[in-house]
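Next come the chains, spelled out residue by residue.
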Amino acid sequence: MKEYALSLDRYPAYIYDLAGLESHIKSIRAALGSTELFYAAKANPDAEILRTIAPHVDGVEVSSGGELTHVRETLPRTRIAFGGPGKTTQELSLALHADRIHVESPSELTRLAAQGFANILLRANLPLSTPDAALTMSGPFGMDEDTLNECAYLLTDNPQLTLRGIHAHLASGLDAPTMLDLADQITEWALPWLKAQGVNNPELNVGGGMAVDYTSPGTRFDWHAYGAGLGLIPAKVRIEPGRAITAYHGWYVTDVLDVKTTRGETYVILRGGTHHLRTPVTKGHDQPFEALTTNGPGSPATLVGQLCTPKDVFARNVLVPPLIPGDVIAFTMAGAYAWNISHHDFLMHPKPAFHYIR
Ligand SMILES: *Cc1c(COP(=O)(O)O)cnc(C)c1O
């Protein structure tokens, strides 16, 4: 990665390590046993990334008509699960031939039924405890028990919809033991409920949200423990991670434009900015990085971009080696929720180049 990054003739650039990504997804697949693995496209829908992952997953989860169309074009034979709040009627009709549709409300169910035949999971919003979550998906996502019962009642009048199971994506940023505990709590509620609705071979999609620790780039989610635990659940279990699949294999590489000290604070100003890599701003962390052209004793500095806003910070008060204009910095862990969630057009700077290592 380093030699490749230094050989580029223009910064900023994204580099995706497709070879590394492929071995990562293979090891996840191997750890999961009989559990089905769908990739959540919203983490990074880059076509090369989708093509790298596709042979090693059971399908792709999409959350909009745009993602649905993109994934179908990129991977015509891949199974698709379609979820997300606020689906339009047009999106529901596009999604009719998806392998599974995750229904979010009774009115969505009624609109879907009017479109034709579909296999559905009902998205549940269960009052389960998720003490350490980075993000809990309560609020508008899914349905409480009363509303799920209302859907079950509506289904009796709409035989064109086949209820296959329950979907629950309840939290993100959790480690394997906590996620397993959550999956067990979901199972305990969902299996009797599905049995009461007469569902045979029930399916449980327990979502994504596996922890990615940006303060510890070498740490990985314990897929073996998770796969072993999920294997004990007496149902067809499916998961749909995004971040923990692609985060580790993207770099945002750029060069130093200026170094200055203002009121005692040292700032390293980099070409580009958080309009290309919004992850540290949205997550409120320091993006991990490597200085590629220099080493030496570290001193504190704040790494910023070219945007005219004090929010354009990649990493605040971190130790950096002595840097001068022209030095090259690589932000690591930039493969998920990075380029595709960023506000690209702000200030009209040039877009980064994209490179793929195979
Ligand atoms: C975002 C999302 C995912 C993926 O979450 P990660 O944190 O990227 O693993 C999976 N399922 C649903 C419903 C989501 O909204």
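Residues take numbers from 1 onward in each chain, read along the sequence in its written order. Restriction of local features to residues with pLDDT of at least 70 applies here, the model being predicted, together with a cutoff of 80 or more for giving and counting side-chain atom pairs; totals for whole chains, interfaces and linings are based on all residues. The basis for every side-chain value is the complete set of heavy atoms in the structure, and neither hydrogens nor water enter the calculation.

A. A look at the environment of Gly173. Counting through the fold element by element, Gly173 comes out in the loop between β9 (171-172) and α8 (176-196). Along the sequence, Gly173 and Val212 sit 39 residues apart, while their C-alpha atoms lie 6.5 Å from each other. For the purposes of this entry, the term helix denotes a DSSP run of H or I that reaches at least four residues, the term strand denotes a run of E that reaches at least two, and both are numbered from the N terminus.

B. Structural context of the packing of helix α2 (residues 18-32) against helix α9 (residues 223-230). To get an axis, a line is fitted to the C-alpha atoms, and for a helix only the part in contact is used. The angle between two axes follows their N-to-C directions and goes from 0 to 180 degrees. α9 packs onto α2 with a crossing angle of 30 degrees between their chain directions and a minimal axis gap of 7 Å. Put simply, α2 runs roughly parallel to α9. Seen along the crossing, α2 lies across α9 with a hand that is right-handed. The segment α2 lies against α9, with Ile28, Ala31 and Leu32 engaging Trp223, His224, Gly227 and Ala228. Throughout this entry, Asp, Glu, Lys and Arg are counted as charged residues, while Ala, Val, Leu, Ile, Met, Phe, Trp, Tyr, Cys and Pro are counted as nonpolar. The remaining residues, Gly among them, count as polar. Class assignment of the residues belonging to the contact of α2 with α9 gives a composition of 5 nonpolar, 2 polar and no charged. Angles below 35 degrees are treated as roughly parallel, those above 145 as roughly antiparallel, those between 65 and 115 as roughly perpendicular, and all remaining angles as oblique. Throughout, a crossing is termed right-handed when the near helix is turned clockwise from the far one, and left-handed when it is turned anticlockwise from it by less than a right angle. The criterion used for residue contact is that any of the two residues' heavy atoms lie within 4.5 Å.

C. Local environment of the domain arrangement of the protein. Those domain boundaries reflect an automatic or database domain assignment. Assigned domains within the protein: domain 1 (2-12 + 248-357) and domain 2 (79-241). In this complex, domain 1 contributes 8 residues to the contact, which on the side of domain 2 involves 8 residues. A carboxyl oxygen of Asp or Glu within 4 Å of a side-chain nitrogen of Lys or Arg is what we treat as a salt bridge. Where domain 1 touches domain 2, the interface holds 0 salt bridges. Polar contact criterion, stated in full: a pair of N or O atoms within 3.5 Å, where within protein one must be able to donate a hydrogen and the other to accept it, and residues adjacent in sequence count only if both atoms are side-chain atoms. In this assembly, domain 1 and domain 2 are joined by 1 residue pair in polar contact (both at pLDDT 80 or more). Residue composition of the side of domain 1 that touches domain 2, by class: 4 nonpolar, 3 polar and 1 charged.

D. Seen up close, the pairing of strand β3 (residues 59-62). Neither face of β3 is open: one carries Gly59 and Glu61, the other Val60 and Val62, and all of them are buried. Note on pairing: DSSP must find at least two bridges between two strands before they are called paired. Inspection of the sheet shows strand β2 (residues 36-40) paired to β3 by 3 bridges, in the parallel sense. Pairing of Tyr39 across the sheet is with Val60, part of β3. Where the polypeptide runs from β2 across helix α3 (residues 47-53) and back to β3, its parallel neighbour, the crossover connection is right-handed. The buried label goes to any residue with under 20% of its type's maximum accessible area, the exposed label to any with over 50%, and the partly exposed label to all in between, with areas taken from a 1.4 Å probe on protein chains only. Throughout, right-handed denotes a crossover for which the path from the first strand over the helix to the second runs clockwise when the strands point away from the viewer.

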